[in-house]
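A look at the structure
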Amino acid sequence: MKIYHKAAGLHHFLAGERQSGKRIGFVPTMGALHEGHLSLVRQARQQNDIVVASIFVNPTQFDDPADFHHYPRVLDNDLELLKASGTDIAFVPEVDEIYPASLKDEHDFDFGAIGHVMEGAYRKGHFKGVGQVVSRLLKITQPHVLYLGQKDYQQYMILKKLVGDWLELDTAVTLVPTVREPDGLAMSSRNIRLAPAERKQAPILYNTLRYLKGHYKERLPGEWQQWAQEQLAACPSIKEIDYFEIVNAENLNHIKKWEDARNVIACTAVRMKDIRLIDNLFIRKIDDVAP
Ligand code: AMP
């Protein structure tokens, strides 16, 4: 596995590989890697000649300085994991490689309605920051395929729009299913910061989503939303429920009746102490909108 720290060197190398007909898969991450990230790498490995993974804790997407400060950084271990999972190139830039002083803030990304709901409503500026960093990373790597995890479904919607509408790249965007702990908790780099009692109660998110998926026809979406909020509110470790939404998976619009959308996803975010947990589950999926 080669490690690049500089954007120009990586860009030059990958341009040559692309010209010689190699297919490039790209997995952007913020490090503190777990099986969720590695499943993206493994899928990229199966589908491409060259697998590039980046590790960059992007300051512009954190609305909370404490969250940025506490974000786990374990580079040596991450590089071992990437290598063992079949990564060819790890890109580990410094902040000024991604945001050099010479770089103008090219786009003031606004993704419309899908950027203003859920995560967009609770983390001001988050998607603008995600747009900035992924736009830079895609310009540097110009991959054939970008791999993203379903755990961040709204981010996947945003980045599909970024690739297609803003950057007009012919990069395909592939969504990879959420990898979970044996008790159902979605893997996240932030989970290691949970206290034992919180960790024990954290699967409530997945359990609530799963119950809804199994029984959704019995009640209207709004009734389930209220039920879910009550379930989460009764959990002692949850200090705040940011949202529990049941939406059309294709545009993230609320639905009033189940017939309002063919593909429906429920998404939630809660806070345990200062740690934010998010999760989602397709409640109904008729079309091939995601895995
Ligand atoms: P992050 O390092 O949190 O920015 O995540 C990098 C990529 O890994 C994103 O596309 C995430 O959606 C994806 N990812 C994170 N956790 C998981 C998980 N548990 N299962 C699948 N993908 C994940």
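To be clear, the structure that these remarks concern was listed above.
All values reported here derive from a predicted model rather than from experimental measurement.

Criteria and cut-off values
Residues numbered from 1 in each chain as written. Predicted model: local features only at pLDDT ≥ 70, side-chain atom pairs only at ≥ 80, totals over all residues. Heavy atoms only, no water. Helix = DSSP H or I, 4+ residues; strand = E, 2+ residues; numbered from the N terminus. Rg over C-alpha atoms; globule rule 2.2 N^0.38 Å. Buried < 20%, exposed > 50% of the residue type's maximum accessible area, 1.4 Å probe, protein only. Contact = heavy atoms within 4.5 Å. Near = heavy atom within 4 Å. Polar contact = N/O pair within 3.5 Å; in protein donor to acceptor, adjacent residues only side chain to side chain. Axes fitted to C-alpha atoms, helices over the stretch in contact; angles between N-to-C directions. Parallel < 35°, antiparallel > 145°, perpendicular 65-115°, else oblique. Left-handed = near helix turned anticlockwise from the far one by under 90°. Nonpolar A, V, L, I, M, F, W, Y, C, P; charged D, E, K, R; others polar. Salt bridge = Lys/Arg side-chain N within 4 Å of Asp/Glu carboxyl O. Core = buried A, V, L, I, M, F, W, Y, C linked by side-chain atoms within 4.5 Å. Expected span 1.5 Å × (residues − 1).

Assigned secondary structure in the protein chain consists of twelve helices and nine strands. For 291 residues, the compact-globule estimate of 2.2 N^0.38 gives 19 Å, and the protein chain sits close to it at 19 Å. Here the C-alpha coordinates of the protein chain stretch approximately 55 × 40 × 35 Å along the principal axes. Here the protein chain, with 291 residues, has 54% of them falling under the buried criterion. For the protein chain, the proportion of contacts with a sequence separation of at least 24, taken over those separated by at least 6, is 74%.

Turning our eyes to something else, we now look at the site of the ligand. Around the ligand lies a shell of 16 residues, among which M30, H37, D152, V179 and M187 are the nearest. At 2.9 Å from an oxygen atom of the ligand is found a side-chain nitrogen or oxygen belonging to H37. Measuring from an oxygen atom of the ligand, one finds a backbone N or O atom of G149 at 2.9 Å. Counting residues per element, the shell around the ligand draws most heavily on helix 2 (residues 35-47), which supplies three residues.

A separate point is the packing of helix 11 (residues 204-215) against helix 12 (residues 221-233). How two helices sit against one another is set out by the angle between their axes and by the gap between those axes. Close contact between helix 11 and helix 12 brings their axes to 10 Å; oriented N to C, the two are set at 155°. The angle between helix 11 and helix 12 places the two elements in the roughly antiparallel class. Like other packed secondary-structure pairs, helix 11 and helix 12 cross with a definite hand, here right-handed. Taking contact as the criterion, the partners of I204, L205, T208, Y211, L212 and H215 in helix 11 are, on helix 12, W224, W227, A228, Q231 and L232. Tallied by class, the residues present in the contact of helix 11 with helix 12 amount to eight nonpolar, three polar and no charged.

Let's shift gears to the pattern of salt bridges. Evaluated as defined, the whole model comprises 16 salt bridges. For D279, the salt bridge goes to R180, with nearest N and O atoms at 2.8 Å. Of the two residues, D279 is situated in strand 9 (residues 275-284) and R180 in the loop between strand 6 (172-176) and helix 10 (196-201); the sequence distance between them amounts to 99 residues. Looking at D279, the relative accessible area reads 4%, which means it is buried. One salt bridge in this structure joins D242 and R276, with 2.9 Å as the shortest N-O distance. Here D242, found in strand 7 (residues 240-248), pairs with R276, found in strand 9; they are 34 residues apart in sequence, far enough to count as distant.

Counting 46 residues, the largest nonpolar core has F91, I98, L138, Y153 and L162 as the members making the most contacts within it. Every residue in contact with F91, bar those within four places of it in the chain, is listed here: Y4, H5, K6, A7, L10, A53, S54, I55, I98, L137 and I140. Formed by 27 residues, the second largest nonpolar core is a distinct cluster that contains A202, L205, L209 and W258.

Positive phi, normally seen in glycine, also occurs at Q142, with a value near 40°. Inspection of the secondary structure assignment puts Q142 in the loop between helix 8 (126-141) and strand 5 (145-149). The class for Q142 is partly exposed, based on a relative accessible area of 32%.

With that settled, the discussion passes to helix 2. Compared with an ideal rise of 1.5 Å per residue, which puts 13 residues at 18 Å, helix 2 spans 18 Å between its outermost C-alpha atoms and is within 8% of the ideal. Of all the residues in helix 2, the buried ones are G36, H37, L38, S39, L40, V41 and A44. Among the structural elements, strand 2 (24-29), strand 3 (50-55), helix 4 (75-84), strand 5 and strand 6 are those in contact with the buried residues of helix 2.

Any functional reading would require information that these geometric values do not contain.
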